[in-house]
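Chain and residue survey
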Amino acid sequence: MTKKEDTYEQWLEKIKITEPCLDNPEELTNDILNRIDALPSGNPSRILLFVSRISGIAAAFLLCFLISETVFFPQDKQFTEQPSTANAVWQGKASFLPDDWNTESSFLEKSRYLSEQWKEYKKELSKRKAFFLSKRISVENIIH
Amino acid sequence: MMNEKEIQVLIDKCKKQDTAAFAALVAEYRQLVFRLAFRLLCDEEEARDMVQETFVKVWLSLDKYNREYRFSTWIYTIAGNVCYDRLRSLQHSPSGSMQGVSLANISLSSGEDMEQSLINKELKELILRFTHELTPKQKLVFTLREIEGLEVSEVEAITGMSAEKIKSNLYQARKQIRIKINLMEDNL
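Described in the following lines is the structure provided in the data block.

Procedures and definitions
- Each chain carries its own residue numbering, running from 1 in the written order of its sequence.
- Following the order in which they are written, the chains are lettered starting with A and the ligands numbered starting with 1.
- Two thresholds apply to this predicted model, a pLDDT of at least 70 for residue-level local features and 80 or more for giving and counting side-chain atom pairs, whereas whole-chain, interface and lining totals are computed over all residues.
- Helix and strand labels come from DSSP, where a helix needs a run of H or I of at least four residues and a strand needs a run of E of at least two; each type is numbered from the N terminus.
- Each residue is classed by its C-beta neighbour count within 10 Å, where at least 20 other C-beta atoms makes it buried, 12 or fewer makes it exposed, and intermediate counts make it partly exposed; the C-beta atoms are placed from backbone geometry.
- A pair of residues counts as a contact when their C-beta atoms, built from backbone coordinates, are within 7 Å of each other.
- Connectivity within a nonpolar core runs through C-beta atoms within 7 Å, and the core itself is a set of buried Ala, Val, Leu, Ile, Met, Phe, Trp, Tyr and Cys residues.

Concerning the overall build of chain A
Tallying secondary structure elements over chain A gives five helices and zero strands in all. Each helix and strand of chain A, placed in order from N terminus to C terminus, yields the pattern α-α-α-α-α. Expressed as a percentage of its 144 residues, the buried residues of chain A come to 4%.

Right, here's the structure in full:
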């Protein structure tokens, strides 16, 4: 080994064996702990997490319910099942007379009957329109 | 010195925000971090700051600790990164030069403090004598591999460099140091 190599090895060995002295280590530890205490807490309490999850799920369900109510109009229970004739009227297919209709009846009678049916249909239609309109307004109020 | 099992128990407690357990971890590893920081930065106050920075980062990222590695390797990784960043910033700052170290700068107080300060100043001078011109990367690799005596695989894990890059940096560092030694020997 050359002299220069020897110097290198000696220098390295001296650095390896000389341990730097840490002055007042307990104070350093306290400083670290104080800094940690001063840090904002990264972990919110478990109860808070649980409550936020539950309210998130509830909000999602409520949103789905509102969407389904708005987009897919359900059959209104408020309106009871109509007889087949009335349904036909409602669907705009009231061009026929009931089965028990007397074929001997006059044209005037037929006309009176059908006009009664028509009035009933219009009344029913406006009632439904008013109901849907009020319902839509209340949904919009909730959303906004 | 604690064994790895005891360390793992402390880590589990620390994850549950147990600061007393963390204080025990700090007590166990502060000298290791201080030693590495001092050998890299050659300044006692800087090294103390680096120890603080390292342990704050350890506390904040305990959940990311991978148990496949030894805890000391993980601490070395964080400390190495913190010191490397500091070395780089010192290299770029005009007042960051670590040259011109002299024993005259020692502030002497008590007898014990004086002895400690002398040891640190001598070590600082000894390290800087041949390494002050190394790049931060070369200095980090040289310190970890040659002075701290870590395996190449560990240096790889700590620095994130490939084995080839480590060897290349180590070769350059040794070469630089030998040139300095040659110059010094020739001047004598």
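Let's pick the thread back up.
With respect to the overall build of chain B
Secondary structure summary: chain B contains eight helices and zero strands in total. When the helices and strands of chain B are listed from N to C terminus, the series reads α-α-α-α-α-α-α-α. When each of the 188 residues of chain B is scored for burial, the buried share is 32%. At a minimum sequence separation of 6, the contacts of chain B that also span at least 24 residues come to 66%.

Details of the interface of chain A and chain B
Taken together, the contacts link 24 residues of chain A with 32 residues of chain B. It is helix α1 (residues 3–17) of chain A that contributes the most residues to the side of chain A that touches chain B, nine residues altogether.

As for unusual backbone geometry
The phi angle of most residues is negative, glycine excepted, and most peptide bonds adopt the trans form. Residues and elements named next belong to chain B. Within the chain, Q17 stands out as a residue other than glycine whose phi angle is a positive 65°. Along the chain, the position of Q17 falls in the loop between α1 (4–15) and α2 (19–41). By C-beta crowding, Q17 is classed as partly exposed, having 14 other C-beta atoms within 10 Å. Even without glycine at this site, C42 takes up a positive phi of about 55°. Along the chain, C42 falls in the loop between α2 and α3 (44–60).

What about the nonpolar core?
Residues and elements named next belong to chain B. A37, L41, A79 and C83 are the most contacted members of the largest nonpolar core, which has 44 residues in total. Looking at this core, the element that brings in the most residues is α2, giving 11 residues. Not counting the four nearest positions on each side in its chain, A79 is found in contact with V33, L36, A37, M50 and T54.

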